[in-house]
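Overview (structure and organization)
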Amino acid sequence: TPSPTKSKLIPGNDPRSVAAYMKSERCRNVFLMLGAGVSTAAGIPDFRSPDTGLYANLARLNLPYPEAVFQIDFFRANPVPFYTLAKELYPGRFAPTLTHTFISLLNTHSLLHTCFTQNIDTLERLAGVPKDKIIEAHGSFASQRCIECKMPFDDERMKRAVEGGEIPKCERRKCGGVVKPDIVFFGESLPKEFYSSIHSLRKADLLIIIGTSLTVHPFASLVHFVPQKCPRVLINLVKVGEFDRRDDVVLLGKCDDIVRELCRELEWEEELESMWRGV
Ligand code: APR
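Keep in mind the model is a prediction, meaning the values are calculated, not measured.

As for the site of the ligand
The full set close to the ligand counts 22 residues, and Phe-47, Arg-48, Tyr-55, Thr-212 and Ser-213 are the nearest of them. Contacts to the ligand include Ala-36, whose backbone N or O atom sits 2.8 Å from an oxygen atom. Separating a nitrogen atom of the ligand from a backbone N or O atom of Cys-255 is a distance of 2.9 Å. Starting from 740 Å² of accessible surface for the ligand in isolation, the protein chains cover 92%.

Set out below in structure tokens:
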């Protein structure tokens, strides 16, 4: 347990104190953990917010339970609900938010080590975050393959099928299996780069967790892999998880508002605005 006498690395529970730490020599490797709350301002609903969350608005799909839409066995038996939803969520119509742009700015300022995201919307890439610094722990819509023979399926044909409301089928002879985007469904394992990147968290000087309920594992358990001396900053509409270490900070509110305040304290606000407008 930390010695009570040692001063806190981030004394205040506010963006100004976080910014002061980020400007210090000590803060070199910043890690991010993102959830659907980061993309709500882009027009993509999150999953569990009451009333507005996706899982509260799937009655039209007649599912046995909301998460079934992302459950692999349910999908194999009936891919229609997923593809109904995919048409509404498919990348191409959404732009990165201020928060996505902030992550790209962290990279511009050589502070970004790794951005772990649960989101499948590829908005981190679109915001200019280098692909080799993003771990899409739950996969994404960026590619797709047959769920039976695993043969990759053509991107353009996938886009046309989703927009046309068709169920894409494998074109390999004698297969004909259903094609699924490379999104990690419940019942599937996470990509190997998720597990091979966890050890890098021991290099973290700062972990920022944004817009997630921290309810889905193993992603949520990443918070435990940073050193005790690494401050963990939660930016979320509501309090989630357990942030009871001496150097934890909890900033409650809309992530774009908090990010804007943080960038003001970092003197990055103009850069943020012009980068965001330019994306
Ligand atoms: N600013 C800050 N926080 C927000 C905002 C916002 N603008 N909008 C929503 N939030 C918060 C919500 O209050 C909630 O705590 O973001 C969190 C989103 O939680 P979830 O909807 O559970 O989304 P997420 O944590 O990403 O879900 C994890 O569940 O269904 C699976 O695979 C799916 O990756 C997803 C996983």
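Topic: the confidence of the model for the chain
Averaged over all residues, the pLDDT of the chain is 94; the fraction at 70 or higher stands at 97%. As scored by the predictor, the complex reaches a pTM of 0.95 and an ipTM of 0.99.

Overview of the packing of aromatic side chains
Enumeration over the complete set of coordinates arrives at 15 aromatic pairs. Centroid distance Phe-47 to Tyr-55: 5.3 Å. Interplanar angle 45°. Geometry classified as tilted. With a relative accessible area of 25%, Phe-47 lands in the partly exposed category. Overall, the relative accessible area of 14% leaves Tyr-55 in the buried class. Geometrically, the ring pair formed by Phe-194 and Tyr-195 is edge-to-face, given 5.1 Å between the ring centres and 90° between the ring planes. Given the relative accessible area of 43%, Tyr-195 is considered partly exposed.

Points about helix 4 (residues 98–108)
Taking burial as the measure, the 11 residues of helix 4 include 10 buried ones, the bulk of the element. When helix 4 is considered as a whole, its buried residues turn out to be Leu-98, Thr-99, His-100, Thr-101, Phe-102, Ile-103, Ser-104, Leu-105, Leu-106 and Asn-107. At the exit of helix 4 stands Ser-110, carrying a positive phi of roughly 55°.

Considerations on the packing of helix 4 against helix 9 (residues 269–278)
The interhelical angle for the contact between helix 4 and helix 9, taken along N-to-C directions, is 115°, at an axis separation of 9 Å. Our pair here, helix 4 against helix 9, has a crossing hand that is right-handed. On the side of helix 4, the interface is formed by Leu-98, Thr-101, Phe-102, Ser-104, Leu-105 and Thr-108, while helix 9 contributes Glu-271, Leu-272, Met-275 and Trp-276. Residue classes in the contact of helix 4 with helix 9 are distributed as six nonpolar, three polar and one charged.

As for unusual backbone geometry
Of the consecutive residues His-217 and Pro-218, the connecting peptide bond is found in the cis state with omega at 10°. Mapped onto the fold, Pro-218 is located in the loop between strand 6 (206–210) and strand 7 (232–236). Residue Thr-122 is not a glycine yet carries a positive backbone phi of 60°. Secondary-structure assignment places Thr-122 in the loop between strand 2 (112–117) and helix 5 (123–126). The backbone of Lys-174 sits at a positive phi, close to 65°, despite the residue not being glycine. Within the fold, Lys-174 resides in the loop between helix 6 (155–164) and strand 5 (179–183). Its relative accessible area of 80% is what places Lys-174 among the exposed residues.

Quick notes on the rules
- Residues numbered from 1 in each chain as written.
- Predicted model: local features only at pLDDT ≥ 70, side-chain atom pairs only at ≥ 80, totals over all residues.
- Heavy atoms only, no water.
- Near = heavy atom within 4 Å.
- Polar contact = N/O pair within 3.5 Å; in protein donor to acceptor, adjacent residues only side chain to side chain.
- Areas by Shrake-Rupley, 256 points an atom, 1.4 Å probe, with all protein chains shown as cover.
- pLDDT = per-residue confidence, 0-100.
- Phe/Tyr/Trp six-rings, centres within 6.5 Å; stacked < 30°, edge-to-face > 60°.
- Buried < 20%, exposed > 50% of the residue type's maximum accessible area, 1.4 Å probe, protein only.
- Helix = DSSP H or I, 4+ residues; strand = E, 2+ residues; numbered from the N terminus.
- Axes fitted to C-alpha atoms, helices over the stretch in contact; angles between N-to-C directions.
- Left-handed = near helix turned anticlockwise from the far one by under 90°.
- Contact = heavy atoms within 4.5 Å.
- Nonpolar A, V, L, I, M, F, W, Y, C, P; charged D, E, K, R; others polar.

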